[in-house]
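Structure assessment
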Amino acid sequence: MSQEEKGKLFTTGEVAQMCGVSVRTVQYYDDRGLVSPSERSEGGRRLYNGEAIGVLRTVCLLKSMGLSLRTIREVLARPDDTAALECILDEQEKAITADLDARRAMIRSIAAVRATLSEQGRMPEVFETCMDNIMAKQASEKTRLYRMKRRMIVEGLAVDAVLISAVVLGVTRGEWLVFALVLPLALIVAWQLVEAYHRDARYVCPHCREAFSPSLREFVFSRHTPVARKLSCPCCGTRDWCAEASVDSVESAAS
């Protein structure tokens, strides 16, 4: 933003266009106390200066990384305490870099196969074997936590479907026995998924940068986002937002 623009005031529509969000999003962030307008016009329209637009861009960035609005509010309230945010960004960068490396390897393999097809007009058996090995390697490079999250989605949807069907059966036909039988099984499956998630996840303290596994009780009841969880570090004793990582990634980095 230029010096001239910093001294100007912008309407909600102009701010939405500058930040690549909807007008409703800008209004919603104002209602939630995240990004308040600098002033209002005589007609009551929201007006934003350059500083407010900078805050909005920060909110949009943090939201795109999976942070909840409550977490973002805490980050904005502690502008000089950047340790937790830096830790989350570091873990996100590692995950994205690993994914990019895997995709680059696949692109190189595709280019090699295309070159051979162009020269020979068919795929040699050695390349078929090679591609099978590459595909297997790509699948194995997904972290345990990534696979666990996929499993939670699939099994969670299946459990939801069964529970909804049982409720519908009970409401429409008065047959609640099925629901009474299904509910305990659903709770058992849900608890097993939570335990597996806890087993496959590690959390990196933003202050001492040590990776640790919290107790199951703290894990279940702590506030969390898709990329972080508010925990007490057993190494330095600090309670803060700790970046989530997969146990295999942590062990690989330590070896």
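Residues numbered from 1 in each chain as written. Predicted model: local features only at pLDDT ≥ 70, side-chain atom pairs only at ≥ 80, totals over all residues. Heavy atoms only, no water.

**Description of the overall build of the protein chain**
Looking only at helices and strands, one finds 11 helices and 7 strands in the protein chain. Of all 255 residues assigned to the protein chain, the portion counted as buried reaches 32%. Residue pairs at least 24 apart in sequence account for 55% of intrachain contacts in the protein chain once pairs closer than 6 positions are excluded. (Helix = DSSP H or I, 4+ residues; strand = E, 2+ residues; numbered from the N terminus. Buried < 20%, exposed > 50% of the residue type's maximum accessible area, 1.4 Å probe, protein only. Contact = heavy atoms within 4.5 Å.)

**Description of the nonpolar core**
One finds Val15, Tyr29 and Leu56 to be the most contacted residues of the largest nonpolar core, which totals 28 residues. Residue assignment for this core shows that the elements contributing at least two residues are helix H2 (12-19), helix H3 (23-31), helix H4 (50-64), helix H5 (69-77), helix H6 (83-120) and strand S7 (239-246). Tallying contributions element by element places H4 first for this core, with 6 residues. If we skip the residues at most four places from it in the chain, Leu56 touches Val15, Cys19, Val26, Tyr29 and Val35. Counting 13 residues, the second largest nonpolar core, distinct from the first, contains Leu193, Tyr197, Cys205 and Phe219. (Core = buried A, V, L, I, M, F, W, Y, C linked by side-chain atoms within 4.5 Å.)

**Things to note about the layout of surface pockets**
Its boundaries defined by the atoms lining it, the largest pocket holds a volume of some 1000 Å³. Sorting the residues of the lining of the largest pocket by element identifies H6, helix H8 (144-173), S7 and helix H11 (247-254) as the ones contributing at least two each. Looking at the lining of the largest pocket, the element that brings in the most residues is H6, giving 9 residues. (1 Å grid on protein atoms, 1.4 Å probe; cavity = no way out; pocket = protein on both sides within 12 Å on 5 of 7 lines; lining within 4 Å. Points joined across faces, edges and corners; volume = space filled by probe spheres on them.)

**Brief notes about a nonpolar patch on the surface**
On the surface, Ile153, Val154 and Leu157 cluster together into a nonpolar patch covering about 320 Å² of accessible area. Secondary-structure assignment places Ile153 in helix H8. (Patch = residues over 30% accessible without salt bridge, like charges linked within 9 Å, V, L, I, M, F, W, Y side chains within 5 Å. Areas by Shrake-Rupley, 256 points an atom, 1.4 Å probe, with all protein chains shown as cover. Salt bridge = Lys/Arg side-chain N within 4 Å of Asp/Glu carboxyl O.)

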